[in-house]
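The chain contents come next:
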Amino acid sequence: MSTLSVTAAPAHPRQARWTFLLHRWALVVWVTLVVAISGLLLWAAGPLADDSDRAWHQLEACRRLSRCVVDTGSYAATYEFLTYALILLPFVVAAWAGATLTARELESGTALMAWTQGVSPVRWLAVRLTLPAVVLTVGASLLVALHRFAWEAPEERTGDRPTWWLPFTFHANGPTTVAACLTALAVGTLTGLLVRRTLPALGVSVAASVLLLGGAHWLMPHLRTPVTEVGPFREGYPGLYTGVELSHGLVTRTGAHIPTPECRATSMDDCLRIYEQHGGTGFYTTFHPASHYWPLQLTTTALLLVVTALLTAASFVVLRRRTG
């Protein structure tokens, strides 16, 4: 008598493989973006930075001539374009996550089909969050590292170098961009579960990401105690344009810090007399110096990760209530 061997079917479909197949084109687009931006950043950090150094040295050498035309803009223009590209990445992630990660499957009914074939809703959502989170973290981390490399490349350049405290450069050079991508992923996931329609979820996800990430940037300077420097009138505002500024103004005889009165006089001496009439004895600036860069980066990143965790938890709660 022959014995028939029967292989038992898996209790549930391979969700990781199914998720990969379902979103493979999104993965292709993401990898293409990462590779293209990485190549441009390496180009900016190498040949363009070297050309910029040489151009600025030529400009310095011929500064005394009446006519001196030197092209120094290739590095700056490319760097600026790539910085904008990195800043926009979280909003691209939010649009994709809101439109396709959860909303499309709920709208088309494929999610319900998966749940009836032995896949629990919790597992379904966990896989759809975990795989994109890993891919986004790896890709965004690479881009941030290369962006910082490109920013530091032209060390000998004497022209306008993007300062560390400029908002776009600040975020593109550190882990806040990686955390922002994860926050956008969580925003899109939750929006898709709530709206369950592709196009509306896309718009709501982008709008919510703008509010959340904009709010995080606004809170960033207040997450660490700033430095306040005081100086005499003749030296101007101390520390101005050297860090993330919170405020500046007059120091009075009582030691109070007040906004600088408006002065439309044509000479500084006339303005100083106006300031002295208001009891001013000098200027002050409250700001974050360069030594605060990493503390600000890490605290802002931690804030975004906490928001991401809360949004992720809310997604599981919503899914549980929708599926019973």
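A.B. asks: Residue-level account of the overall build of the protein, with values.
C.D. replies: If you tally the helices and strands in the protein, you get eleven helices and four strands. Sequence-distant contacts, at least 24 apart, represent 82% of the contacts inside the protein between residues at least 6 apart. Summing over all exposed atoms, the protein offers an accessible surface of approximately 17900 Å²; the carbon and sulfur share of this is 64%.

A.B. asks: Hey, could you go over the layout of surface pockets for me, with residue numbers and the actual values?
C.D. replies: Any empty space left between atoms is shown by rolling a water-sized probe over those atoms. By volume, the largest pocket amounts to about 370 Å³. What lines the largest pocket is a set of 17 residues, and nearest its centre among them are His-23, Ala-26, Leu-27, Trp-30 and Trp-96. Those elements giving two or more residues to the lining of the largest pocket turn out to be α1 (15–22), α2 (24–61), α3 (73–101) and α6 (121–152). It is α2 that provides the largest number of residues to the lining of the largest pocket, a total of five residues. Here the lining of the largest pocket is composed, by residue class, of 15 nonpolar, two polar and no charged.

A.B. asks: Please provide a residue-by-residue account of the sheet that holds strand β2 (residues 244–252), values included.
C.D. replies: The antiparallel open sheet is built from four strands, whose spatial order is β1-β4-β2-β3. The sheet is open, and its two edges are formed by β1 (227–231) and β3 (257–258), each paired on a single side. As paired elements, β1 and strand β4 (residues 280–288) share five bridges and run antiparallel to each other. Along β4, the bridge assignment pairs Gly-231 with Phe-283.

A.B. asks: Now, about the environment of Leu-86: what can you tell me, with residues and values included?
C.D. replies: Positionally, Leu-86 belongs in helix α3. Sequence-distant contacts of Leu-86, that is, excluding residues within four places in its chain, are made with Ile-37, Leu-143, Val-144, His-147, Ala-172 and Thr-177.

A.B. asks: Give me the lowdown on a nonpolar patch on the surface, citing residues and values where you can.
C.D. replies: A cluster of nonpolar residues, Leu-40, Trp-43 and Phe-81, forms a patch on the protein surface that exposes about 310 Å² of accessible area. The topology assignment puts Trp-43 in helix α2.

A.B. asks: Could you give me a rundown of the state of the cysteines, with the residues and numbers involved?
C.D. replies: Overall, the coordinates contain one disulfide when judged by the stated rule. Across a sulfur-sulfur distance of 2.0 Å, Cys-263 and Cys-271 are joined as a disulfide pair. Given an S-S torsion of about -90°, the disulfide between Cys-263 and Cys-271 has left-handed geometry.

A.B. asks: How would you explain the environment of Gly-249 if you had to name every residue and give the values?
C.D. replies: For Gly-249, the position within the fold is in strand β2. As a C-alpha pair, Gly-249 and Val-230 span 19 residues in sequence and 9.7 Å in three-dimensional space. Excluding residues within four positions of it along the chain, Gly-249 makes contact with Tyr-237, Ile-258, Pro-259, Thr-260, Gly-282, Phe-283 and Tyr-284.

Calculation notes
Residues numbered from 1 in each chain as written. Predicted model: local features only at pLDDT ≥ 70, side-chain atom pairs only at ≥ 80, totals over all residues. Heavy atoms only, no water. Helix = DSSP H or I, 4+ residues; strand = E, 2+ residues; numbered from the N terminus. Contact = heavy atoms within 4.5 Å. Areas by Shrake-Rupley, 256 points an atom, 1.4 Å probe, with all protein chains shown as cover. 1 Å grid on protein atoms, 1.4 Å probe; cavity = no way out; pocket = protein on both sides within 12 Å on 5 of 7 lines; lining within 4 Å. Points joined across faces, edges and corners; volume = space filled by probe spheres on them. Nonpolar A, V, L, I, M, F, W, Y, C, P; charged D, E, K, R; others polar. Pairing = 2+ DSSP bridges. Patch = residues over 30% accessible without salt bridge, like charges linked within 9 Å, V, L, I, M, F, W, Y side chains within 5 Å. Salt bridge = Lys/Arg side-chain N within 4 Å of Asp/Glu carboxyl O. Disulfide = S-S within 2.5 Å.

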